[in-house]
Amino acid sequence: MARNSQAILLALFVCLIGFDHQHSLVVEANFWDTTFINWGAHHASVYNNGDDMQLVLDKSAGSGIESKKEYLFGSVEMQIKLVSGNSAGTVTAYYLSSKGDKHDEIDFEFLGNVSGKPYIMHTNVFAEGVGNKEQQFYPWFDPTTDFHNYTIHWNPSEIVWFIDSIPIRVFRNYEFLGIKYPNKQGMKAYSSLWNADDWATRGGLDKIDWNKAPFSARLRKFSPRACTWFGQGSISYCNSKDKWYTSSEYSSLNEAQKGQMKWVRDKYMIYDYCKDGKRFNWNMPRECSLQQS
């Protein structure tokens, strides 16, 4: 989100606490309080009073975390510094997901590369278990030398992927046209570092160089400013018109944001499923013909 909007959102949170403490907007940034290590506990560590975390991958295992709560709509953001050097075959993932075969999911995945080659930033969205909506980008910065903010903004109207407040992708809700949209399942936030050298770098041609292990990714300031899922009643509650993220301001990008997104997509986009006619036998997904910004 734009920097100047963060103060506004925080003020809205303070007002909402008195209205509904149990299910209102939450703003948290402590890994001890908001997440737990769901695999590779001996390869993950929390430090700096719980504000920072390190995920580690070596030949024996990777590691990952998940949020304690599930959410339905809002903004979930985290700062990440990716594996440096030769990261070929590694994937650092940051995503929202529900459970089950017909799960919903919104992805950021960072595909490592050999030294000197750029990371690939992979995005996707699933609704009721159906994905196949991949878009990929090169970063316009070095994601290994400093932390960058990655935000998934998700509301009843659209999903927006932001990097350092710059939108890179929009997926709008066209459910009324029969296009599935993730809006009926609570999703947890996840992050992990894992071995994907069977596909991640040049289709699996570049393998992990285990002589460079251990590999590490650093996480900071996990902030879910989102509606807490509390069961099926959340569907109507989190959709209500009095939420900050359902206001007209957040129903679509403004003109400046559209300009930023066009710049990213013109210069740094390297794959768009909507332009891969051969993959779909030229029977393109319906949303590809609709405005997604």
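Summary of the structure given here. (Residues numbered from 1 in each chain as written. Predicted model: local features only at pLDDT ≥ 70, side-chain atom pairs only at ≥ 80, totals over all residues. Heavy atoms only, no water.)

**Let's talk about helix H4 (residues 255-268)**
For an α-helix, the turn length of 3.6 residues means that residues three or four places apart are oriented alike.
Here is step 1 of the chain: Counted at 1.5 Å a residue, the expected span for H4 with its 14 residues is 20 Å, and the 20 Å between its end C-alpha atoms agrees.
Here is step 2 of the chain: Within H4 the residues assigned to the buried category are Gln257, Met261, Val264 and Tyr268. Taken end-on, H4 shows its buried residues confined to a sector of 75°, consistent with a single buried face. H4 presents Glu255, Ala256, Lys262, Asp266 and Lys267 as exposed residues on the side facing more than 90 degrees away from its buried surface.
Here is step 3 of the chain: Looking at the buried side of H4, the elements it contacts are strand S10 (135-137), strand S12 (158-163), strand S13 (166-172) and strand S16 (269-272). (Helix = DSSP H or I, 4+ residues; strand = E, 2+ residues; numbered from the N terminus. Expected span 1.5 Å × (residues − 1). Buried < 20%, exposed > 50% of the residue type's maximum accessible area, 1.4 Å probe, protein only. Arc of directions from axis to C-beta. Contact = heavy atoms within 4.5 Å.)

**Some thoughts on the side chain of Ser97**
Here is step 1 of the chain: As for its position among the elements, Ser97 is in strand S7 (residues 90-97).
Here is step 2 of the chain: The contacts of Ser97, once residues within four sequence positions are left out, are His103, Asp104, Glu105, Met187, Lys188 and Tyr190.

**Digging into the nonpolar core**
Here is step 1 of the chain: The biggest cluster of nonpolar side chains holds 56 residues, and the ones touching the most others in it are Ile106, Phe108, Phe110, Trp154 and Ile159.
Here is step 2 of the chain: If sequence neighbours within four positions are ignored, Phe110 has contacts with Ile80, Leu82, Thr90, Val91, Thr92, Tyr94, Tyr119, Ile120, Met121 and Tyr150. (Core = buried A, V, L, I, M, F, W, Y, C linked by side-chain atoms within 4.5 Å.)

**A look at the state of the cysteines**
Here is step 1 of the chain: Evaluated as defined, the whole model comprises two disulfides.
Here is step 2 of the chain: A sulfur-sulfur distance of 2.0 Å marks the disulfide that ties Cys274 to Cys288. Judged by the sign of its S-S torsion, about -80°, the bond between Cys274 and Cys288 is left-handed. Note that Cys274 is positioned in the segment after S16 and Cys288 in the segment after S16, a separation of 14 residues in sequence.
Here is step 3 of the chain: When its relative accessible area of 23% is taken as the criterion, Cys288 is described as partly exposed.
Here is step 4 of the chain: Disulfide partners in the protein, listed by the sequence order of the bonded cysteines, are 1-2, 3-4. (Disulfide = S-S within 2.5 Å.)

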